[in-house]
There are 2 protein chains.
Amino acid sequence: MSVIYDRVALIGLGLIAGSMAHAMRRGGLAKEIVGTARSAQTRQVAQEIGLCDRVVETAAEAVKDADLVVLAVPVGVMGAVAEEIGPHLKPGATVTDAGSVKRAVIEAVAPHIPEGVHFIPGHPLAGTEHSGPRSGFAELFDNRWCLLVPAEGTDPQAIARLRRLWEAMGAHVDEMDPDHHDLVLAVTSHAPHLIAYTMVGVADDLRRVTDSEVIKYSAAGFRDFTRIAASDPTMWRDVFLNNKDATLEILGRFTEELFALQRAIRTGDGDHLFDYFTRTRAIRRGIIEAGQDTDAPNFGRAKTGS
Amino acid sequence: MSVIYDRVALIGLGLIAGSMAHAMRRGGLAKEIVGTARSAQTRQVAQEIGLCDRVVETAAEAVKDADLVVLAVPVGVMGAVAEEIGPHLKPGATVTDAGSVKRAVIEAVAPHIPEGVHFIPGHPLAGTEHSGPRSGFAELFDNRWCLLVPAEGTDPQAIARLRRLWEAMGAHVDEMDPDHHDLVLAVTSHAPHLIAYTMVGVADDLRRVTDSEVIKYSAAGFRDFTRIAASDPTMWRDVFLNNKDATLEILGRFTEELFALQRAIRTGDGDHLFDYFTRTRAIRRGIIEAGQDTDAPNFGRAKTGS
């Protein structure tokens, strides 16, 4: 138990901020956690479940005297929130964010951060398909990666302190530049989400197969896609609108490869298919060895239903 | 505990046959389980772990006096196995299979089934990403669906008996015709598998993002795809080669929809994206309510690594 920031302000009280609140309490990492959210209902739920020490009505109020401010709102509103809080930030404070896109967030937020305040963009690579103030839990970041994307010249001590917070919340920390971040995430997150959304939409649309069949028979593979396709729609709309180039590039590569496999199916080229399917096994093995997924069959899913 | 078939022959001793052996023993559903596999190593492992009561060297030997014969081999070799066992089948016996494709299996197998033997094609919609004789477990079929695809005129008593076996192994049973089966599975299984294989292959290929980054940061969504892309390559090659038309049709629909979403990203049409992402949430809810997946965050994955 060692306090890293005296007062932390969480702007937005969804899955990420909620999990940070739980993780900071688990480790005794903040003396006071102040939270706010745009929706009155979210603030009320947060109040009820005691998610923060104080829930306040506005972001401007939340950041007052805060040593760390975390922007955990959809990427599309980061700029507006930064504009609101800019004049109220304490000199020497650190502002970070949890947005899934970095170049666009930096462009939207940085102009509003006053001299003497450290802006260190961040992105914890952790989440679930659930959202809202009740969805957070202390273990979300355990053994996951958090990427920090500080501009050159950022105060090394401020970076080290934020890194310490993430590590104390259970995460590993890496640093990279914003463009590389956006490309890496396009591959490991944004393109997979769009593809999952697409496949689920196609299944929903298909008139000759009823929804009931799609649902009943989903254990044959389809259900794996539905989890990430159940993620928060506002968050994901903003991700795609703000990481256009990298996402479209990866989707272009994906389509090219998909066409090659479709052609192999059409022409009966079994060797091409077999070789491709053999190669992809190795990545799964690597992910399990890196402790980023479970080797238990079917993700170790709990037995479901009766 | 009530015996449904005196002697059951399992041809192929992978995940499905192995799980059937465990499930039949759990319920006391067969007096004797005889197994065989083409690979001497598989037969030896099966012998070592006592997967069956007897392990024999050939399919012809295995089916001798069997009341139920289960073909649990890749779709591409079903015909050859049927040809081998045809002359050795006991009159009145039932032959079924566990192939993921039905029209092609029926065309390959039916000609070799002699008069007086019941051929009832089947497909349990259950599996994991693991394969081989050690991968089976008794609970695999619990609360999953098994589809039976009998030809018109098949003996209703033989169908009822096979249905009883599947139900006693924990499954629900539906009947449908082969073409509809192949279309339903193209949506719920075959297209999703090909898409997952493709996405994993693309990530593996990308020069500017290292394999190590893809692996470390996979919890951002990508890792969900790697599970089904780690499935048995031989099995899946045969599935695609034997369900060409339906798979290509669904992939065509998928590509069309993906292009529409890419266009929405490029043109900044946030409403289109938001509406699409909202719609896909409902299917996930349906799957959970139908008991076909868990509502626990991240599939209830066990905490991984350290």
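Fair warning: this is a prediction, and the values are worked out from it, not measured in the lab. (Residues numbered from 1 in each chain as written. Chains lettered and ligands numbered in written order. Predicted model: local features only at pLDDT ≥ 70, side-chain atom pairs only at ≥ 80, totals over all residues. Heavy atoms only, no water.)

J.: Go over the UniProt feature "domain: Prephenate/arogenate dehydrogenase" (unreviewed entry) in chain A, please, and point to the residues and values.
T.: UniProt tags residues 6–295 of chain A as "domain: Prephenate/arogenate dehydrogenase" (unreviewed entry). Annotation note: span residues 6–295 of chain A, helix share 51%, strand share 12%, distance between end C-alpha atoms 40 Å. (UniProt positions renumbered as here; feature names shortened; annotations may be inferred. Helix = DSSP H or I, 4+ residues; strand = E, 2+ residues; numbered from the N terminus.)

J.: Help me get a handle on the relation of the copies chain A and chain B, residues and values and all.
T.: In screw terms, the move from chain A to chain B is a rotation of 180° and a rise of 0.0 Å along the axis, fitting with an RMSD of 0.0 Å. What the rotation and shift describe, once combined, is the action of a two-fold rotation axis. A share of 100% of interface residues in chain A that are also interface residues in chain B marks the association as one of identical surfaces. (Least-squares fit on C-alpha atoms with pLDDT ≥ 70 in both. Contact = heavy atoms within 4.5 Å.)

J.: Account for unusual backbone geometry, naming residues and giving values.
T.: Here Asn-298 of chain A, not a glycine, exhibits a phi torsion of approximately 55°, which is positive. Mapped onto the elements of the fold, Asn-298 of chain A is located in the segment after helix H12 (270–289).

J.: Quick rundown of helix H1 (residues 15–27) of chain B? Include the residues and the values.
T.: Residue and element names in this part refer to chain B. Here H1 spans 18 Å end to end across 13 residues, near enough to the 18 Å set by a 1.5 Å rise per residue. Across the 13 residues that make up H1, a large majority, ten, are buried. Taken together, the buried positions of H1 are occupied by Leu-15, Ile-16, Ala-17, Gly-18, Ser-19, Met-20, Ala-21, Ala-23, Met-24 and Gly-27. Looking at the buried positions of H1, the neighbouring elements they touch are strand S1 (5–11), strand S2 (30–36), strand S4 (68–71), strand S7 (122–124) and helix H6 (156–168). Positioned one or two residues after H1, Gly-28 has a phi angle of 60°, which is positive. (Expected span 1.5 Å × (residues − 1). Buried < 20%, exposed > 50% of the residue type's maximum accessible area, 1.4 Å probe, protein only.)

J.: Explain the sheet that holds strand S2 (residues 30–36) of chain A to me, and be specific about the residues and the numbers.
T.: Residue and element names in this part refer to chain A. Read across the sheet, six strands follow the order S3-S2-S1-S4-S5-S6 without closing on themselves; strand pairing throughout is parallel. Because the sheet does not close on itself, it has two edges, and the strands there are strand S3 (54–55) and strand S6 (118–119). Where strand S1 (residues 5–11) lies against S2, six bridges are found, and the strand directions are parallel. Bridged to Val-8 within S2 is Ile-33. Here helix H4 (residues 78–85) sits on the sheet and contacts S1, strand S4 (68–71) and strand S5 (94–97); the angle it forms with S4, its principal contact strand, is near 150°. (Pairing = 2+ DSSP bridges. Axes fitted to C-alpha atoms, helices over the stretch in contact; angles between N-to-C directions.)

J.: Could you give an account of the sheet that holds S2 of chain B, with specific residues and numbers?
T.: Strands belonging to one sheet form pairs held by backbone hydrogen bonds; the direction of such a pair is parallel or antiparallel. Residue and element names in this part refer to chain B. Taken in spatial order, the six strands make up an open sheet running S3-S2-S1-S4-S5-S6, and their pairing is parallel. Of all the strands in the sheet, just strand S3 (54–55) and strand S6 (118–119) have a single pairing partner and so form its edges. Bridge count for S4 against strand S5 (residues 94–97) is four bridges, and the pairing is parallel. Bridge pairing in S5 places Leu-68 opposite Thr-94.

J.: Tell me about the side chain of Asn-143 of chain A, and please be specific about residues and values.
T.: With respect to the helices, strands and loops of the structure, Asn-143 of chain A is situated in the loop between strand S7 (122–124) and strand S8 (145–148). Engagement of the side chain of Asn-143 of chain A in a polar contact is seen with the backbone oxygen of Gly-291 of chain A, the distance being 2.9 Å. (Polar contact = N/O pair within 3.5 Å; in protein donor to acceptor, adjacent residues only side chain to side chain.)

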